[in-house]
Amino acid sequence: MKIMSLLWTKSFLFLLSIPCLCSSQLSPPPLRFSAFLDHSNLVFMSWDHDAEEIMTFELRVKTTGWVAFGFSPHGELPGSDIVIGGVFPNGSIYFSDWHAVDEENLEEDKSQDYQLLSLTEDEIFTTIRFKRYFQTCDPNDLDITGDTARLISAFGTDDTVQFSKGQRFLKSLFLMRVISPTELNDPKIFFTHDLKLNDFPIPVDETTYACTFIPLPIVKQKHHIYKFEPIITTHQNRSMVHHILVYACGNGSVLPTGISDCYGANPDFALCSQVVAGWAVGGGSYQFPNEAAISIGTPMDPQYIRLEIHYSNFDLIPGLIDNSGIRLYYTLDLRPYDMGVLQTGVFTFPVHFIPPGADTYKSYGLCKSSQFNEMNGTPVPDLKVFGFLLHTHLAGRGLKVVQYRKGEQVRIICEDNKYDFSLQETRDLKEVITIKVGDEILVECNFQTLDRTEITFGGPSTLNEMCLAFLFYYPRNNISSCMGYPDIQQIASALGQEASDAMEGMIAMNYVEWNNETIKNAEKAAKEADQTVIIKTIDELQKNESGIIRDIMISENGLCHDISGHLGVRGSQVTANLQGPVDVISQALSTAEILPLPLLLLTQLAFTWLLISYQCRI
């Protein structure tokens, strides 16, 4: 199969990639963020983004063959937006923008929206550097957003592009990072303190919540905890540790000893509700920004914490011993502010449910802050929110956290419309936002239960569900959580069921004949029902109030960029003029039949001379 325009494109891009040989050439700017895209550390990606909504990528892949990289809608190849590049044995290069029609066929995009910056190969690695706009005008390209991205990478041993025979990887990654490690201030003198279980036998149960109470570091003067990281003892245990949470305890609390079920027979093991640090599946270490950290060592600071570890031993493996926990880094080098964490979302017990067979189902949890001053004991300063952690279980597909003031929407604080259960991490906001006393915070969670035939209830098991958002802010106050839940009796009534109390309302959900109509009716009823808002402090004081769920306004940005930077509006689907099976296209990529090789090399040499002469005159 001969594809004239394809080889002309490759030859032209080769010419554009020839480096300037004069002394005025500048090295490319460093990229702030990086990660391996595979478990064997064969594909290393660096990236960065700028105020012009351009993202630059660099891939360093352990191969001398073809390299592919792209974005997948949900983790599969069909519908993916892919670039393919490499270096031919004769030294010329190829690089172009494609999309996957299905598992067997790729089509080259009519609009080429990835700009090649450099492409080199040595005896071990192929390195490609390129850039593109967040939102291009090509309907075959996937937007780069603040959602979790599913990245596809692949490579082969030669220049015959065969996805079916090459190595292919999928990785979820948050690309819109704000602060790089080099921008954070590391104190010269610091200490560590481990909050962990010691030789804990993981029960042979599908779900275990293990809790214990541990003292924080004993210090004689104020210190700041500026960083935390997970401690997972073995690779096998890592697959079983679902999350680790550290809750600060009020100094007046009477705490039990030992290790027990967090939410079992002894309610004392559920004491302490102010989150100070947390880790979940897929997360890593987190360092607070330079403005704030967790205070310890003053009379107002907590002395004890509750350590909560959720284990998911679905295979019922016996004899496992665990020493997991959280490592704290603390220092005398103080930040300007003490920080806190506000837990928001849907109150997990007792009335959260998701119908079976739902392609999409939204749950809502409301926080009203009008009583914060009274519950705090002193006026609460404005909350300066700088980070967040979103959390659902396996049915979760997306979350939004929305701020309202005087009944009007202020902003969407944070969101992830492509939530991945396997990547739960603390993320920084693009800019610090302000929440004032009296504001409302709404958490919306989108669930999908197409693979389930029974109702999914809110609960602690991974197979139950949660809808939570943890907001990291400064300066600290005493409010630990502010969550809401709908009136289940109103929902039952809207579905034609009778219920005299909340328990009967939940039982009534089992008698509903679930189909698309009843699922939508339940979602509408849950949104329109009165919300009970539960506010708690670090000292376990609790107050309830009521509220309503307001509409969420979504602003659509219809503008896009072509590769030259011109603004436009994304049009209808365009069918590319080059198509065929992946392996057939790859044969065309690896052949030089269209232009005779001497003529191709002569053309390249002429353009090289012109480019060098022009650049050295600048």
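Our subject is the structure that appears above.
First, a word on what this report is: a plain description of the structure on this page. Computed from a predicted structure; not experimentally measured.

### Regarding the overall build of the chain
- Secondary structure summary: the chain contains eight helices and 40 strands in total.
- In the chain, the proportion of contacts linking residues at least 24 apart, taken out of those at least 6 apart, comes to 77%.
- Accessible surface, the chain: about 28,000 Å² in total, of which carbon and sulfur atoms supply 54%.

### Some points on the state of the cysteines
- Under the criterion given, the structure shown has five disulfides.
- Each disulfide pairs two cysteine sulfurs, and for Cys 211 the partner residue is Cys 262, the sulfurs being separated by 2.0 Å. Across the S-S bond linking Cys 211 and Cys 262, the dihedral sits near 100°, which makes this disulfide right-handed. Here the residue Cys 211 occupies a position in strand 14 (residues 207-215), and Cys 262 occupies one in the loop between strand 17 (260-261) and strand 18 (274-280), the gap between them amounting to 51 residues.
- Taking relative accessible area as the criterion, Cys 211 reaches 0% and is therefore assigned buried.
- According to the relative accessible area criterion, Cys 262 is buried, its value standing at 0%.

### Some points on the pattern of salt bridges
- Taken as a whole and judged by the stated rule, the model has 21 salt bridges.
- Of the charged contacts in the structure, one is a salt bridge between Arg 405 and Asp 439, with a shortest N-O distance of 2.9 Å. One end of the pair, Arg 405, is in strand 29 (residues 396-405); the other, Asp 439, is in the loop between strand 31 (427-435) and strand 32 (440-447), with 34 residues separating them in the sequence.
- A salt bridge links Lys 536 to Glu 540, with the nearest nitrogen and oxygen atoms 3.4 Å apart.
- Residue classification places Lys 536 among the buried residues on the basis of a relative accessible area of 19%.
- The structure contains a network of salt bridges with shared partners spanning Arg 32, Asp 48 and Glu 183.

### Topic: the sheet that holds strand 37 (residues 542-547)
- Overall, mixed pairing links the seven strands, which are arranged 31-28-34-25-35-36-37 in an open sheet. The sheet terminates laterally at strand 31 and strand 37, the two strands that pair on one side only. The average undirected angle you get between the axes of adjacent strands in this sheet is 25°.
- Pairing analysis gives six bridges linking strand 25 (residues 340-346) to strand 34 (residues 468-474), with the strands arranged antiparallel. Note on strand 34: the bridge partner recorded for Val 341 is Phe 472.

### Comments concerning the sheet that holds strand 2 (residues 43-49)
- Read across the open sheet, the five strands follow the order 1-2-3-9-8; overall the sheet is antiparallel. This sheet does not close on itself; its edge strands, each paired only once, are strand 1 (33-36) and strand 8 (115-121). This sheet shows a mean twist of 15° between the axes of neighbouring strands, independent of strand direction.

### Considerations on the packing of aromatic side chains
- Throughout the structure, instances matching the rule amount to 30 aromatic pairs.
- Aromatic pair Phe 190 and Tyr 226: ring centres 6.5 Å apart, planes at 80°, arrangement edge-to-face. Residue Phe 190 is found in the loop between strand 11 (167-173) and strand 12 (191-196), and its partner Tyr 226 is found in strand 15 (residues 223-231); the two are separated by 36 residues along the sequence.
- By relative accessible area, Phe 190 is classed as partly exposed at 40%.
- On the basis of relative accessibility, which here comes to 3%, the residue Tyr 226 falls in the buried class.
- A centroid spacing of 5.5 Å and a plane angle of 65° characterise the contact between Tyr 209 and Tyr 263, whose relative ring orientation is edge-to-face. Taken together, the residues Tyr 209 in strand 14 and Tyr 263 in the loop between strand 17 and strand 18 connect sequence positions 54 residues apart.

### Remarks on the pairing of strand 20 (residues 292-296)
- The element strand 20 is extensively covered by neighbouring structure, given that five of its five residues are classed as buried.
- Here strand 20 pairs with strand 24 (residues 337-338) via two bridges, running parallel. Considered in strand 24, the bridge of Ala 293 is made with Asp 338.

Rules of the game
Along each chain, the written sequence defines residue order, and numbers are assigned to residues from 1. Thresholds applied to this predicted model are a pLDDT of at least 70 for local features of residues and 80 or more for the giving and counting of side-chain atom pairs; totals over whole chains, interfaces and linings are not thresholded and use all residues. No hydrogens and no water enter the side-chain calculation; it runs on all heavy atoms of the structure. The helix and strand labels rest on DSSP assignments: H or I over at least four residues marks a helix, E over at least two residues marks a strand, and numbering proceeds from the N terminus. Contacts between residues were defined by any pair of non-hydrogen atoms, one from each residue, lying within 4.5 Å. All accessible areas in this document rest on Shrake-Rupley with a 1.4 Å probe, and a residue is counted as covered only by the protein chains that are shown. Here, the term disulfide refers to a pair of cysteine sulfur atoms separated by no more than 2.5 Å. Three exposure classes are used, based on accessible area relative to the maximum for each residue type with a 1.4 Å probe and protein chains only: buried under 20%, partly exposed in between, and exposed over 50%. Here a salt bridge means any side-chain nitrogen of Lys or Arg lying within 4 Å of a carboxyl oxygen belonging to Asp or Glu. A pair of strands is labelled paired if DSSP reports no fewer than 2 bridges between them. Angles here are taken between N-to-C directions and fall from 0 to 180 degrees, while the axes themselves are lines fitted to C-alpha atoms, restricted in helices to the stretch in contact. Only rings of Phe, Tyr and Trp enter the pairing, Trp through its six-membered ring, and a pair is recorded when the two centres are within 6.5 Å. The plane angle decides the type: under 30 degrees is stacked, over 60 is edge-to-face, the rest tilted.

By themselves these figures say nothing about function.
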